[in-house]
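# Structural overview for review
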Amino acid sequence: MSRRPEADYVVGVDIGGTNLNVGILPFAGGEPLAFRTQATEAQRGAKFVVDRVVRMIQEAMKEVMEANGRGPEAFAGIGIGSPGPLERKTGTVISTPNLGWRNFPLRDLIQNAVGLPATLDNDANAATYGEWWMGAGRGVNSLVGVTLGTGIGGGIVLNGELYHGAADAAAEIGHMTIDSTGRKCKCGNYGCVEAYASGPAIAARAIEGLESGASSVLLELAGDLQAVTAETVFEAVVLGDPYATEVMHDTAKFLGVGLANVINILNPEVLVISGGVTRAGDHLFDPLRTEVRRRAFRVAEQACRILPSGLGGKAGVIGAVACFKREKYGKV
Ligand SMILES: [Zn+2]
């Protein structure tokens, strides 16, 4: 398919368990225009979420059309990033524990409601491709992205292309086993990286330590034990709390074990880490780099730059546009 010459924009959609992001990119790339965020409110049902996304897209398109005196012909299409597993070919989300969708034809519902061609890819893949296209790993040959949030997502770019695997299920870095008899993961397995270093896992480990008598400012910050979150741990680290700092160091070590495996297997040029936890800055990145250095092969470790996200919360939208361009036109 070739692009209509008048199509100067592509819509990017990033669907998350907590928030929906929509923005519009100039075809050649750039800062998202008419960027907007709304709560997902997945508990109100799949139709509610799709209707909300469609309305956000229509409002963003209207804003860009009015600002530039253009009509709907100015838009080439819509790139969508969604939690998976999913099937790109049919545009179907196979299942998402956080959103409660099963065999859900997300791409076509949005495509038909808006009246523009659309593509669907995994949200972490999209964010990783965004970092490769316009972010921390701009234009490198090989890049791995890791998103730390409620879960841990991953994406792999090899030779400038996203690597999807045989069934669009590649790069599930969060579900790499780092301890065969370790903590139970939401996926049903034991000892996954996600069971140690996701936001809820950080909170759970912090609470366990407090229950066994660790003294910390955490309790005071959170109000009560069960209200401790990864965010509270981060706040306490900034305040110099030794126990919270220990929890953050442990988090970096667990992540470092997983990332050393990734570096040994793929030998990437850049590893981009994004998500709320990265706001801990050096408290996270210093012990993380140390652990990777201890474990990964020296040549691979020395060739790899471990960097925070360059696009922050906009990586998913920008990357969804990159995925659309790649799928529809063969290049970004
Ligand atoms: Zn798992």
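Residue indices follow the written sequence of each chain, beginning from 1 at its first position. In keeping with the predicted nature of the model, local features appear solely for residues at pLDDT of at least 70, side-chain atom pairs appear and are counted solely at 80 or more, and the whole-chain, interface and lining totals rest on all residues. Water and hydrogen atoms play no part in the side-chain values, which are based on all heavy atoms of the structure.

## Looking at empty space enclosed by the protein
One simple way to see leftover space: roll a probe sized like a water molecule over the atoms. What counts is decided by this rule: Here a cavity is any set of points on a 1 Å grid over the protein atoms alone where a 1.4 Å probe fits but cannot get out, and a pocket is any open set with protein on both sides within 12 Å along at least 5 of 7 lines; a residue lines the site when it has an atom within 4 Å of a point. Grid points are joined across faces, edges and corners, and a volume is the space filled by probe spheres set on the points. Three classes are used: nonpolar for Ala, Val, Leu, Ile, Met, Phe, Trp, Tyr, Cys and Pro, charged for Asp, Glu, Lys and Arg, and polar for all others, with Gly counted as polar. Per the annotation, domain bounds derive from an automatic or database assignment of domains.
Taken as a whole and judged by the stated rule, the model has 1 cavity of 30 Å³ or more. Lining the largest cavity, in full, are A124, A127, T128, E131, L143, G145, V146, T147, V272 and S274. Class assignment for the residues of the lining of the largest cavity results in 5 nonpolar, 4 polar and 1 charged. Counting only domains with at least three residues in the lining of the largest cavity, you end up with domain 1 (9-131 + 314-329) and domain 2 (139-309).

## Concerning the pattern of salt bridges
This is how it is decided: By salt bridge we mean one thing: a side-chain nitrogen of Lys or Arg within 4 Å of a carboxyl oxygen of Asp or Glu. Helix and strand labels come from DSSP, where a helix needs a run of H or I of at least four residues and a strand needs a run of E of at least two; each type is numbered from the N terminus. Here the term buried applies to any residue with accessible area under 20% of the maximum for its type, exposed to any over 50%, and partly exposed to those in between, with areas from a 1.4 Å probe on protein chains only.
Taken as a whole and judged by the stated rule, the model has 16 salt bridges. The residue D168 makes a salt bridge to R88 at a minimum N-O spacing of 3.0 Å. With a gap of 80 residues between them, D168 in the loop between strand 11 (161-162) and helix 4 (194-197) and R88 in the loop between strand 5 (86-87) and strand 6 (92-96) connect regions that are remote in the sequence. Take D168: its relative accessible area is 15%, and that puts it in the buried class. By relative accessible area, R88 is classed as partly exposed at 24%. Each of the salt bridges in this network shares a partner with another, and the network as a whole consists of R36, E59 and E63.

## Overview of the coordination of the zinc ion
Selection rule: Donor selection uses N, O and S atoms within 2.8 Å of the metal (3.2 Å for Na, K and Ca). Since no water is included, sites may look incomplete. Site shape is set this way: if four donors have all angles between 85 and 135 degrees, tetrahedral; if opposite donors are over 155 degrees apart and all others between 65 and 115, square planar for four donors and octahedral for six; otherwise irregular.
Around the zinc ion, the protein supplies H175 (ND1), C185 (SG), C187 (SG) and C192 (SG) as donor atoms, at distances of 2.0 to 2.4 Å. Considering all 4 donor atoms around the zinc ion, the spread of angles at the metal, 106 to 121°, places the coordination shape in the tetrahedral class. One chain supplies every donor for the zinc ion, spaced along it as H-x9-C-x1-C-x4-C. Of this pair, H175 sits in the loop between strand 11 and helix 4 while C187 sits in the loop between strand 11 and helix 4; the two residues are 12 residues apart in sequence, bridging distant segments of the chain.

## What to know about the layout of surface pockets
In this structure, the second largest pocket encloses a volume near 160 Å³. Along its surface, the second largest pocket is lined by T150, R183, K184, C185, K186, E194, A195, S198, P200, A201 and A204. Of all the secondary structure elements, the ones that give two or more residues to the lining of the second largest pocket are helix 4 and helix 5 (199-211). Among the residues forming the lining of the second largest pocket, the class breakdown is 5 nonpolar, 2 polar and 4 charged.

## So, the side chain of D241
For clarity, the threshold we go by: Only four residue types enter the tally: Lys and Arg on the positive side, Asp and Glu on the negative side, with His and both chain ends excluded. Within 3.5 Å is the distance limit for a polar contact, defined as a pair of N or O atoms, with the added protein rule that one can donate a hydrogen and the other accept it, and that residues adjacent in sequence qualify only through two side-chain atoms. Contact between two residues is taken to exist if any of their heavy atoms lie within 4.5 Å; hydrogens are not considered.
By secondary structure assignment, the location of D241 is in the loop between helix 7 (230-238) and helix 8 (242-266). With no salt bridge to any partner, buried D241 finds its closest opposite charge in R205, at an N-O distance of 13 Å. In terms of polar contacts, D241 uses its side chain to reach the backbone amide nitrogen of V217, at 3.0 Å. The contact partners of D241, leaving out residues within four places of it in the chain, are S216, V217 and A236.

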